Every structure is written in C-alpha cells, then in structure tokens.
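Residue-level listing of the chains:
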Amino acid sequence: MTAPLTLDDVAAHLLARGVLAAPPDSVSVLAGGVSGATYLVTGPSERLVVKQPLPFLSVADEWPARMERAAVEAAALSLVGTLTPEVAPRLLDFDPERFVLVMAAAPASWVEWRTQLLGGTVVSWAGTTLGSTLGRWHSATVSDLPEVFTSLDGFLELRGDPYHRTVAARRTDLAPLVSACLDELLAAPTCFVHGDFSPKNVLIGPDSLWALDFEVAHRGNPVFDVAFMLHHLTMKAIHLPALASPLEDCALAFWRAYGDAGGLALDEPAVLRHTGALLLARVHGKSPTAYLTPAEAEQVSLLGERALRGGFGTLAELFAR
Ligand SMILES: Nc1ncnc2c1ncn2[C@@H]1O[C@H](COP(=O)(O)OP(=O)(O)O)[C@@H](O)[C@H]1O
Ligand SMILES: [Mg+2]
C-alpha cells in the first residue's frame, strides 16, 4: 500500500501522472470533506481538484473499503460525464494504485448549494436542473451499468445502518415500516443511484451547477435519490419557515423535471414514505441534522412519521402540512 497523499506531494503526483506538464502555482486543502482529503490545485490555465479517501488510522479494515469507494466515484464521474457532462466535474485522471481522483474544479465563485439555501436564497431552476439530471441518470442506466456499482456494502454501511436500522432500533413503534423501506431499497437494484444526492453535494453558480461526491453510487432503487433530495428540502422548509414557499416551488420543480426526464421513481406515495423514513433518520438516526433546533427536530420527526405511515399522497400535501 502506498502512503496517503499529503499537501506536499500532490504536485508531484500530478506531474508523475502526466496530468500537469509543469508545477502548479498553488495547492491548498479544500474544506468540507470528512471521509477523504480533497485538494484544490491551480495553475496559469487550470483549476483541478484532487481527491483521495482517508483511512481511519485506528481501523485498518477501513482502508480497503474506502479505496474501493474512490474507484466507484471515478466510474460514476466517467458515467455521468457521458450522460450529463454539463452537470458534473470532468474526470481527468484516476490512479487505481493510489486511489487518487483528479477532476475539474468548479469556478472559484461557485458555492455549496446547502450554504446558499441556508443563507436564504432559493432558486427553483436548481430544482429543475437537478430533477432532469437525476431522471436522465436513472432512465439511461437500467440495462447498461458497469459491474463496479453492484455492491450494496457502502450503501448499507453509510445509509442502511446509520439511517433505517438505527431508526428501527430506537423507534420500535415504527420498525416494521422503516424496515420495509430498507427492504425495498435493497430488493430493487434497478439503475444507477447516486446515494448522496443532497444540497451539500451540489456546487452552484449563477446559472449552472454540478453534482459531486459519487462515493456511495450503486445499482439500486431510484426512489432513494428522489427521497434523499426531497427530505433535505423539507427539513430546510421547517428550519426556515420564511422560505417554505420557494423551497416548495423548488421541490415541485425537481419532482416535475425528474418525471419529464423519464425518471423511474414515479410512485409519489412511495417517494413520500421513503422521504418520511429519511426525515426520521435525521432525528433518530446516527447522524442527526446539525442545524435543527430541538423544536424543529420534533416537527421533522412528527412529519416524518406521518409521511412514513402513508399520510401524504402528493408532495404538495407534504409541504402544506
Ligand atoms: N470539483 C470540485 N470543484 C470545486 N470544489 C469541489 C470539487 N469537488 C469537491 N469540492 C469541494 O470539496 C468538498 C468535499 O468534496 P466531496 O466530493 O463532497 O467529498 P466528501 O466525500 O469528503 O464529502 C465539497 O463539498 C466541495 O466544497
Ligand atoms: Mg460531500
């Protein structure tokens, strides 16, 4: 095993791989990543991002699993690069021995969509773009998807266990319904699923955006990605009541565009049950949402329970609660 990349050897790596012909002007650590090291590299005419999973030093077994995720992310970037090249960074290099990815960096002025939303700006075109992008990914990958996406291990480790199984253990009254959601997710490996399709993993500029962070991509049930994005927008509407109406417009634009693009998860009551399971997970699961106050968390939990129990037939009803 080669040693993990450090800030000091990013430039040498890019030169050795032939990604750069001359040393870059600067290499800096990008904020935001927790499971890996992400660096920004700039030169006279290039802006690159270099990403490598970080091993948990205390758990030797983690390293191979995480390295595998880099290979998944590289394959996903290459796949979406052919399906929707304008909505994801271009993959420039992947070193399968060191598990280092190199991709194009977004313009310096772009921001995380989550930050923009929490700052009070909601543009509904982002919902439309994300919906049509996701619809395209799902519809185009049913019959033709590389082997690397077959394993559900990463999805179970990062979603099924901390979210659904933890809610089932802590809210035993809801265990049958939440376990049924997880069973549906595992039993229907239908198409390419991003697995972390959330505002945190979207970079947005004045009139375009990129989806990022494909480490949990897998062949799975498309309802997960739709519900995942919707549960984030729902939580933000509870946290920022003044923005509830534009957030609803954005969510509806996302859902419409997803259907228009041929998206596969079109059973609206099912999407809402899965959204409910995820809302519950963000209160009772292993990674509770940081920005919710206790009172908001209680609202999210009640709404999630109602949605999980089939209390909403349409997305508009969920937002009108
Ligand atoms: N291609 C890119 N261009 C600009 N910034 C990026 C790019 N890729 C990642 N980043 C920044 O680095 C952060 C972490 O990257 P991400 O792929 O989401 O990794 P993690 O798995 O650690 O969340 C992102 O939230 C974003 O701010
Ligand atoms: Mg991320």
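Small disclaimer: the values here were computed from a predicted structure and weren't measured.

Draft legend 1. Layout of the coordination of the magnesium ion (ligand 2). Surrounding the magnesium ion (ligand 2) are the protein donor atoms N201 (OD1) and D213 (OD), at 2.2 Å. With a gap of 12 residues between them, N201 in the loop between β7 (191-193) and β8 (202-204) and D213 in the loop between β9 (209-211) and β10 (218-220) connect regions that are remote in the sequence. When its relative accessible area of 6% is taken as the criterion, N201 is described as buried.

Draft legend 2. Structural view of the pattern of salt bridges. Enumeration according to the criterion identifies 14 salt bridges in this entry. Residue R159 is joined to D196 by a salt bridge in which the shortest nitrogen-to-oxygen separation is 3.1 Å. Taken together, the residues span a long stretch of sequence, with R159 in helix α5 (residues 153-170) and D196 in the loop between β7 and β8 at a distance of 37 residues.

Draft legend 3. Seen up close, the sheet that holds strand β5 (residues 100-104). Pairing is antiparallel across the open sheet formed by 5 strands, whose spatial order is β1-β2-β3-β5-β4. The outermost strands of the open sheet, each flanked by one partner alone, are β1 (26-29) and β4 (91-95). Mean inter-strand twist for the sheet, computed between neighbouring axes without regard to direction, equals 20°.

Draft legend 4. The arrangement of the layout of surface pockets in detail. For the second largest pocket, the calculated volume is near 230 Å³. Among the elements of the structure, α2 (62-83) and α5 are those that each provide at least two residues to the lining of the second largest pocket. Structurally, the lining of the second largest pocket is a two-domain feature, drawing no fewer than three residues from each of domain 1 (7-104) and domain 2 (111-320).

Draft legend 5. Expanded view of the state of the cysteines. By the definition in use, this model includes 0 disulfides. No disulfide involves C191; its sulfur sits 17 Å from that of C181, the nearest cysteine.

Draft legend 6. Up close: the sheet that holds β8. A sheet is described by the order of its strands in space; here 3 strands give the open sequence β6-β8-β9, paired in antiparallel fashion. Edge positions in the sheet fall to β6 (111-112) and β9, since each of these pairs with one other strand and no more. Sitting on the sheet, helix α4 (residues 124-140) is in contact with β8 and β9, with an inclination near 40° to β9.

Draft legend 7. Geometry of the domain arrangement of the protein chain. For the protein chain, the assigned domains are domain 1 (7-104) and domain 2 (111-320). The straight-line distance from the C-alpha centre of domain 1 to that of domain 2 is 26 Å. Taken together, the contact pairs 19 residues of domain 1 with 21 residues of domain 2. Interface area, domain 1 with domain 2, both sides summed: about 1,900 Å², of which 65% is carbon and sulfur. In terms of surface lost to domain 2, no three residues of domain 1 exceed R69, L83 and V87, which account for 31% of the buried area on that side. One salt bridge connects E215 with K51, and the closest N-O pair in it is separated by 3.2 Å. For the pair domain 1 and domain 2, the interface holds 6 residue pairs in polar contact (both at pLDDT 80 or more). When residues in the side of domain 1 that touches domain 2 are grouped by element, the largest group, 11 residues, is from α2. Residues of the side of domain 1 that touches domain 2, tallied by class, amount to 12 nonpolar, 2 polar and 5 charged.

Draft legend 8. Looking closely at the pairing of β5. A large share of β5 lies buried, amounting to 5 of its 5 residues. Examined bridge by bridge, strand β3 (residues 47-53) and β5 share 4 bridges and lie antiparallel to one another. If you follow L48 over to β5, its bridge partner there is A104. Where β4 and β5 come together, 4 bridges link them in antiparallel fashion. Pairing of L91 across the sheet is with M103, part of β5. Counted along the chain from β4 to the antiparallel partner β5, the turn is 4 residues long, and its residue F99 has a positive phi close to 55°.

Draft legend 9. A look at the packing of helix α6 (residues 175-187) against helix α9 (residues 268-284). Packing of α6 against α9 leaves a shortest axis separation of 10 Å and a crossing angle of 115°. α6 and α9 meet at a crossing whose hand is left-handed. The residues of α9 that touch α6, namely those facing V178, C181, E184 and L185, are R273, H274 and A277.

Draft legend 10. Focus on the nonpolar core. Counting residues in each nonpolar core, the largest one holds 86 residues, and the members touching the most others are W113, W137, F192, F214 and V226. With 11 residues, the top contributor of residues to this core is helix α7 (residues 223-239). There are two domains that each give this core at least three residues, and those are domain 1 (7-104) and domain 2 (111-320). What W137 contacts, discounting residues up to four positions off in sequence, is V80, L83, T84, F192, H194, F197, A211 and F214.

Draft legend 11. Inspection of helix α8 (residues 244-260) at higher detail. With 17 residues, α8 extends 24 Å between its outermost C-alpha atoms, agreeing within 8% with the 24 Å of an ideal straight helix rising 1.5 Å per residue. Along α8, the residues classified as buried are L247, C250, A251, A253, F254, W255, A257 and Y258. Check the buried side of α8 and you find it contacts α3 (113-118), α4, α7, α9 and α11 (315-320). Looking one or two residues beyond α8, the residue adopting positive phi is G262, at roughly 90°.

Conventions used here
Residues numbered from 1 in each chain as written. Chains lettered and ligands numbered in written order. Predicted model: local features only at pLDDT ≥ 70, side-chain atom pairs only at ≥ 80, totals over all residues. Heavy atoms only, no water. Donors = N, O, S within 2.8 Å, 3.2 Å for Na, K, Ca; no water. Helix = DSSP H or I, 4+ residues; strand = E, 2+ residues; numbered from the N terminus. Buried < 20%, exposed > 50% of the residue type's maximum accessible area, 1.4 Å probe, protein only. Salt bridge = Lys/Arg side-chain N within 4 Å of Asp/Glu carboxyl O. Pairing = 2+ DSSP bridges. Axes fitted to C-alpha atoms, helices over the stretch in contact; angles between N-to-C directions. 1 Å grid on protein atoms, 1.4 Å probe; cavity = no way out; pocket = protein on both sides within 12 Å on 5 of 7 lines; lining within 4 Å. Points joined across faces, edges and corners; volume = space filled by probe spheres on them. Domains from an automatic or database assignment. Disulfide = S-S within 2.5 Å. Contact = heavy atoms within 4.5 Å. Buried area = accessible area lost by both parts, 1.4 Å probe. Polar contact = N/O pair within 3.5 Å; in protein donor to acceptor, adjacent residues only side chain to side chain. Nonpolar A, V, L, I, M, F, W, Y, C, P; charged D, E, K, R; others polar. Left-handed = near helix turned anticlockwise from the far one by under 90°. Core = buried A, V, L, I, M, F, W, Y, C linked by side-chain atoms within 4.5 Å. Expected span 1.5 Å × (residues − 1).

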